[in-house]
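Now for the letters of each chain:
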Amino acid sequence: MMNNILKKVNLNVLITLLLLSQIILIFMNSPIEQISQNYQSNSLEKFTTMISGDKSVDIITSDKMVKINENKTMLIGDTNLKNNEYEISSKNVTIDTHNMITSSVKATKTTNNQGTIKSEGFEFDQEANIIKFNGKSEFKTNED
């Protein structure tokens, strides 16, 4: 009887340890962390840049910038894209220079002279100069 109880306790401890190790591995191997670790030599902490455009100067800031390849860059952590027309605040933003698309699937706040849009993500088509808001989105005017 005591032997059976000991076997059950050992089995429960083993299962608990295996589950804990799986949880730790999942958090350590999240996609953003893997990208960040795989491209350490192509990254900058507390990244800030200014890009002169046709209409205004764009200011881009991020906790970390990681150049994935010639066409793709990740802005990891808190990211702001700002110019004279709008400001977009999000997290983990992808910049695809080949397709001219900047996007995020994280909570996004976009502010311009008309108001503020909070959405579950965004996609900015640089060529068409159109911002699409993904998922549930809420708009509040500056008059509110």
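Please refer to the structure higher up on the page.
Below or above, wherever it landed, is the structure these notes cover. Keep in mind the model is a prediction, meaning the values are calculated, not measured. (Residues numbered from 1 in each chain as written. Predicted model: local features only at pLDDT ≥ 70, side-chain atom pairs only at ≥ 80, totals over all residues. Heavy atoms only, no water.)

### Focus: the nonpolar core
Nonpolar side chains tend to gather and get buried jointly when the protein is soluble and globular.
At step 1: Counting residues in each nonpolar core, the largest one holds 11 residues, listed as F47, I60, M65, L75, L81, Y86, I88, V93, I95, F122 and F124.
At step 2: For this core, the leading source of residues is strand β4 (residues 86-96), giving 4 residues. (Core = buried A, V, L, I, M, F, W, Y, C linked by side-chain atoms within 4.5 Å. Buried < 20%, exposed > 50% of the residue type's maximum accessible area, 1.4 Å probe, protein only. Helix = DSSP H or I, 4+ residues; strand = E, 2+ residues; numbered from the N terminus.)

### A closer look at the environment of G115
At step 1: Turning to its location among the elements, G115 is positioned in strand β7 (residues 115-119).
At step 2: The exposure class of G115 is buried, given its relative accessible area of 2%.
At step 3: Sequence separation of G115 and E143 is 28 residues, and the distance between their C-alpha atoms is 7.9 Å.
At step 4: Those residues in contact with G115 that sit more than four places away from it in its chain are T110, F139, K140, T141 and N142. (Contact = heavy atoms within 4.5 Å.)

### Things to note about the packing of aromatic side chains
Pairs of aromatic rings are described using the distance from one ring centre to the other and the angle between the two planes.
At step 1: Counted under the stated rule, the structure contains 1 aromatic pair.
At step 2: Seen in terms of ring centroids, Y86 and F124 are 6.1 Å apart; in terms of plane orientation they differ by 65°. Their pairing is edge-to-face. Placement of Y86 in strand β4 and of F124 in strand β8 (residues 121-125) is noted, with a sequence separation of 38 residues between them.
At step 3: You can call Y86 buried: its relative accessible area is 13%. (Phe/Tyr/Trp six-rings, centres within 6.5 Å; stacked < 30°, edge-to-face > 60°.)

### Here we look at unusual backbone geometry
At step 1: A positive phi angle, near 60°, is found at M100, a position not held by glycine.
At step 2: Mapped onto the secondary structure, M100 falls in the loop between β4 and β5 (101-104).

### Thoughts on the layout of surface pockets
At step 1: Taken as a whole, the second largest pocket encloses approximately 190 Å³ of empty space.
At step 2: Residue lining of the second largest pocket: 13 residues in total, with Y86, T110, N112, I131 and F133 positioned closest to the centre.
At step 3: Secondary structure elements with two or more residues in the lining of the second largest pocket: β6 (108-112), β7 and β9 (130-134).
At step 4: Broken down by element, the lining of the second largest pocket gets its largest block of residues, 3 residues, from β7.
At step 5: For the lining of the second largest pocket, the residue count by class is 6 nonpolar, 6 polar and 1 charged. (1 Å grid on protein atoms, 1.4 Å probe; cavity = no way out; pocket = protein on both sides within 12 Å on 5 of 7 lines; lining within 4 Å. Points joined across faces, edges and corners; volume = space filled by probe spheres on them. Nonpolar A, V, L, I, M, F, W, Y, C, P; charged D, E, K, R; others polar.)

### Comments concerning the pattern of salt bridges
At step 1: For the coordinates displayed, the defined rule picks out 3 salt bridges.
At step 2: Residue D63 is joined to K46 by a salt bridge in which the shortest nitrogen-to-oxygen separation is 3.6 Å. Of this pair, D63 sits in strand β2 (residues 57-67) while K46 sits in strand β1 (residues 43-52), and the two are 17 residues apart along the sequence.
At step 3: Residue classification places K46 among the exposed positions, given a relative accessible area of 64%.
At step 4: The partner of D78 in a salt bridge is K91, with the nearest N and O atoms 2.4 Å apart. Note that D78 is positioned in strand β3 (residues 72-82) and K91 in strand β4, a separation of 13 residues in sequence.
At step 5: You can call D78 partly exposed: its relative accessible area is 43%. (Salt bridge = Lys/Arg side-chain N within 4 Å of Asp/Glu carboxyl O.)

### Some remarks on the pairing of β3
At step 1: Sheet analysis places β3 next to β4, joined by 9 bridges and oriented antiparallel. In the strand pairing of β4, M74 is matched with T94.
At step 2: Counting the residues that bridge the hairpin from β3 to β4 gives 3 residues. (Pairing = 2+ DSSP bridges.)

Read these as spatial facts, not as claims about activity.
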